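# Secondary and tertiary structure notes
Chain by chain, the residues:
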Amino acid sequence: MVHADNNDPDDLLRLDRQVCFPLYAATNLLTRLYGPVLAELGLTYPQYLVLLVLWETQPLSVGDLGRRLYLDSGTLTPLLKRMEQAGLVTRARDPDDERRVLIGLTPAGEAMKAKAAHVPTTLAAGRSVEDLDALKDKVNALIRVLAPKG
């Protein structure tokens, strides 16, 4: 067993002492888990997240969508352009504020909801709802700690 010494700078740099690594590994594993299921729908994981938000509320400004997904506009804009080219979303200037771009769903984007209805249950197979809810609550608590205030 390796002894942890909180005063040793080398010990603080051990991979197993980092909070960032298990989060990174979990993110990669989740993306790999979702990949094949979403590929059947012709979606990437980020596109799926955009659709999840828009299925709840639309239209949304790029800024509101970015805040909801913790993505900056430099990441979100090319993603939305690809989704527009795929016929899933519309991008239009806000008539009340030309600086804002509003994102809405096309009929194909709306129809994708029914096609994606199996995704959560497929990925939750073999896991209890209680365990998944508890895990989600813990991860959300971590997000609240890490998210910029403001």
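Further up the page is the structure itself.
Only a predicted model underlies this, so the values are computations on that prediction, with no experimental measurement involved. (Residues numbered from 1 in each chain as written. Predicted model: local features only at pLDDT ≥ 70, side-chain atom pairs only at ≥ 80, totals over all residues. Heavy atoms only, no water.)

Membership of the largest hydrophobic core comes to 28 residues, with the highest contact counts inside it found for Val-50, Leu-65, Leu-80, Met-83, Ile-103 and Val-119. Of all the secondary structure elements, the ones that give two or more residues to this core are helix H2 (20-39), helix H3 (45-56), helix H4 (62-69), helix H5 (73-85), strand S3 (97-105), helix H6 (107-116) and helix H7 (119-124). No other element matches the six residues that H3 contributes to this core. Contact partners of Val-119, with chain neighbours within four places excluded, come to Tyr-34, Val-37, Leu-38, Leu-41 and Tyr-48. (Core = buried A, V, L, I, M, F, W, Y, C linked by side-chain atoms within 4.5 Å. Buried < 20%, exposed > 50% of the residue type's maximum accessible area, 1.4 Å probe, protein only. Helix = DSSP H or I, 4+ residues; strand = E, 2+ residues; numbered from the N terminus. Contact = heavy atoms within 4.5 Å.)

Here we come to the pairing of S3. Direction of pairing for strand S1 (residues 60-61) relative to S3: antiparallel, over a ladder of two bridges. Residue Leu-60 lies in a different strand from S3, and its bridge partner there is Ile-103. Relative to S3, strand S2 (residues 89-94) runs antiparallel, the two sharing six bridges. Bridge pairing links Ala-92 to Leu-102 in S3. Linking S2 to S3, which pair antiparallel, is a turn of two residues. (Pairing = 2+ DSSP bridges.)

With that out of the way, let us pick up H2. With 20 residues, H2 ought to run about 28 Å at 1.5 Å a step, and its terminal C-alpha atoms sit 28 Å apart, in line with that. Contact partners of the buried residues in H2: H3 and H7. (Expected span 1.5 Å × (residues − 1).)

Once that is clear, we can look at the pattern of salt bridges. For the structure on display, the rule yields nine salt bridges. The partner of Glu-56 in a salt bridge is Arg-68, and the shortest N-O contact between them spans 3.0 Å. Residue Glu-56 is located in helix H3, and its partner Arg-68 is located in helix H4; the two are separated by twelve residues in the primary sequence. Glu-56 sits in the exposed class, given a relative accessible area of 53%. Arg-68 sits in the partly exposed class, given a relative accessible area of 44%. Close ionic contact of Arg-91 with Glu-84 constitutes a salt bridge, the shortest N to O distance being 3.0 Å. Here Glu-84 falls in the partly exposed class, since its relative accessible area comes to 32%. (Salt bridge = Lys/Arg side-chain N within 4 Å of Asp/Glu carboxyl O.)

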